[in-house]
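Read off the chains here:
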Amino acid sequence: MTVIKQLDGAGPGRAGASGPPSQPVEWLISDTPVPYPEAVCRMEARVDAIRAGNAAEQVWLLEHPPLYTAGTSARAEDLLVADRFPVYRTGRGGEFTYHGPGQRVAYVMLDLKRRGPDLRRYVHNLEDWLIRTLASFNVAGERRDGRVGIWIDRGRHGGQPGQEDKIAALGVRVRRWVSFHGVSLNVEPDLEHFSGIVPCGIQGHGVTSLADLGLPVSMPDVDAALMATWNDVFGGVGDG
């Protein structure tokens with residue numbers, strides 16, 4: 001059974017032009033890997049509750065057992081080993097990605113109608129959140145035009161000049177302007193597990209993790225960094 005801890009919000013919601021002061025964002029951490037179908041059911045129920053005004057916004061930090069997910073743009077040829085791990089078709093954007101132990105998944109359920117109904121801006125903010133989190137560990141995560149996710153220049157970490165590996169992925173879905181799904185950050189996963197897919201449909205680049213970069217960072221360290229940088233990017237309702 002999944003054990004979930006509820007944490008205090010990363011900071012109080014602030015008043016916005018579109019409504020009264022918001023409740024703090026609720027943070028949950030699952031202590032054991034959560035099966036993917038269970039996670040989707042939980043997210044969908046929370047999205048409905050947020051939309052109905054019966055629940056606060058939520059960020060859920062968790063890990064999954066080893067699995068592949070296929071987004072709405074996934075191509076069959078990018079699943080290289082079909083019988084290796086379970087494959088789940090999902091309504092999020094994007095292509096194939098891997099989830100498994102050692103990877104921090106953050107499912108982000110926000111009321112974008114109140115925060116500002118701008119999906120492109122929301123994705124940009126998720127990227128910025130990941131970049132700031134990585135900077136907490138002196139890692140320079142970067143965006144790349146035409147390549148979804150956050151990327152590392154391996155030349156800065158003892159690798160070949162020009163070699164770029166992906167350290168974090170994004171895949172979002174919005175229902176009636178409430179977001180769900182979210183981001184994943186490679187802390188210390190088995191990177192060989194990515195070999196069963198073409199991650200996010202992007203050829204010619206690898207994947208990396210904080211451990212692969214020589215950084216002995218724990219999952220609680222990553223969680224603390226995610227929470228510490230949250231308000232810098234998302235603030236309260238209406239702050240933008």
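Up top you'll find the structure we're talking about.
Overview of the structure. (Residues numbered from 1 in each chain as written. Predicted model: local features only at pLDDT ≥ 70, side-chain atom pairs only at ≥ 80, totals over all residues. Heavy atoms only, no water.)

In the structure shown here, the tally under the stated rule is 19 salt bridges. The partner of Asp128 in a salt bridge is Arg132, and the shortest N-O contact between them spans 3.2 Å. With Asp128 and Arg132 both in helix H3 (residues 119–135) and four residues apart, this pair spans about one turn of that helix. For Arg132, a relative accessible area of 35% translates into the label partly exposed. Of the charged contacts, one joins Glu142 and Arg156 as a salt bridge, the two residues approaching to 3.4 Å between their closest N and O atoms. Note that Glu142 is positioned in strand E8 (residues 142–144) and Arg156 in the loop between strand E9 (147–153) and strand E10 (164–175), a separation of 14 residues in sequence. Here the residues in one salt-bridge network are Glu142, Arg144, Arg147, Asp153, Arg156 and Glu164, joined through shared partners. (Salt bridge = Lys/Arg side-chain N within 4 Å of Asp/Glu carboxyl O. Helix = DSSP H or I, 4+ residues; strand = E, 2+ residues; numbered from the N terminus. Buried < 20%, exposed > 50% of the residue type's maximum accessible area, 1.4 Å probe, protein only.)

Time to look at the sheet that holds strand E4 (residues 67–70). Remark on secondary structure: sheet strands pair via backbone hydrogen bonds, oriented parallel or antiparallel. Across the sheet, which stays open at both edges, the three strands sit in the order E5-E4-E6 with mixed pairing between neighbours. Of all strands in the sheet, those with a lone pairing partner are strand E5 (87–89) and strand E6 (96–99), marking the two edges. Neighbouring strand axes in the sheet, compared pairwise and without regard to direction, differ in orientation by 25 degrees on average. As paired elements, E4 and E5 share three bridges and run parallel to each other. Following the sheet pairing, Thr69 is matched in E5 by Tyr88. (Pairing = 2+ DSSP bridges. Axes fitted to C-alpha atoms, helices over the stretch in contact; angles between N-to-C directions.)

So, on to H3. For H3, built from 17 residues, the straight-helix expectation of 24 Å at 1.5 Å per residue is met to within 8% by its first-to-last C-alpha distance of 24 Å. Residues of H3 that are buried include every one of Tyr122, Asn125, Leu126, Glu127, Trp129, Leu130, Ile131, Thr133 and Leu134, and no others. With a side-chain oxygen lying 3.3 Å from the backbone nitrogen of Arg120, the N-terminal cap of H3 falls on Asp118. (Expected span 1.5 Å × (residues − 1). Polar contact = N/O pair within 3.5 Å; in protein donor to acceptor, adjacent residues only side chain to side chain.)

Here we take up the pairing of strand E11 (residues 178–186). Of all nine residues making up E11, nine are buried, and the element is well covered by its neighbours. Note that strand E7 (residues 103–109) and E11 share five bridges and pair antiparallel. Bridge pairing in E11 links Gln103 to Asn186. Sheet topology note: the E10/E11 ladder contains eight bridges and is antiparallel.

Topologically, Gly116 is positioned in the loop between helix H2 (112–115) and H3. Along the sequence, Gly116 and Trp177 sit 61 residues apart, while their C-alpha atoms lie 9.2 Å from each other.

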